[in-house]
Amino acid sequence: MSESGGENLYDEVISAPEPQQIDEELSTKLGLLAEDAILRGRPYQSEDCHTCVYYLDTDKDVSYCWHPKLRILVGAEWWCQWWEEIPAE
Ligand code: SF4
């Protein structure tokens, strides 16, 4: 492509990524959900998601929490007020 007349890839204005409306909506929705659960990104005493009955796959550092009020991905070291011990088999 010619430098003089045609479009040049380098002439395009590259804009910084920005959150869209859906991101703001989800952020608000998930923020309220996290607030309601008192969700934290760290353990509480000896309790964390990894040792909670609702943490679906204990082999993973991030897994699905199937608590009916959450149903989101959480980290193994997170915690919320609905933590429940895994029953002994
Ligand atoms: S219920 Fe709470 S503590 Fe248990 S896995 Fe879900 S977010 Fe973690």
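Everything that follows concerns the structure shown earlier in this document.
This structure is a prediction, so every number in the text was calculated from the model and none was measured. (Residues numbered from 1 in each chain as written. Predicted model: local features only at pLDDT ≥ 70, side-chain atom pairs only at ≥ 80, totals over all residues. Heavy atoms only, no water.)

### What about the overall build of the protein chain?
Right, so step 1: Summing up its helical and strand segments, the protein chain has one helix and two strands in all.
Right, so step 2: Sequence-ordered secondary structure for the protein chain, helices as α and strands as β, is α-β-β.
Right, so step 3: When the accessible area of the protein chain is evaluated, it comes to approximately 7400 Å², of which 53% is carbon and sulfur surface. (Helix = DSSP H or I, 4+ residues; strand = E, 2+ residues; numbered from the N terminus. Areas by Shrake-Rupley, 256 points an atom, 1.4 Å probe, with all protein chains shown as cover.)

### Considerations on the packing of aromatic side chains
Right, so step 1: All chains considered together, the criterion is met by two aromatic pairs.
Right, so step 2: Measuring from ring centre to ring centre gives 4.8 Å for Tyr44 and Trp79, while their planes differ by 35°; the resulting arrangement is tilted. Of the two residues, Tyr44 is situated in the loop between helix H1 (21-37) and strand E1 (62-65) and Trp79 in the segment after strand E2 (72-75); the sequence distance between them amounts to 35 residues.
Right, so step 3: Judged by its relative accessible area of 41%, Tyr44 is partly exposed.
Right, so step 4: When its relative accessible area of 12% is taken as the criterion, Trp79 is described as buried. (Phe/Tyr/Trp six-rings, centres within 6.5 Å; stacked < 30°, edge-to-face > 60°. Buried < 20%, exposed > 50% of the residue type's maximum accessible area, 1.4 Å probe, protein only.)

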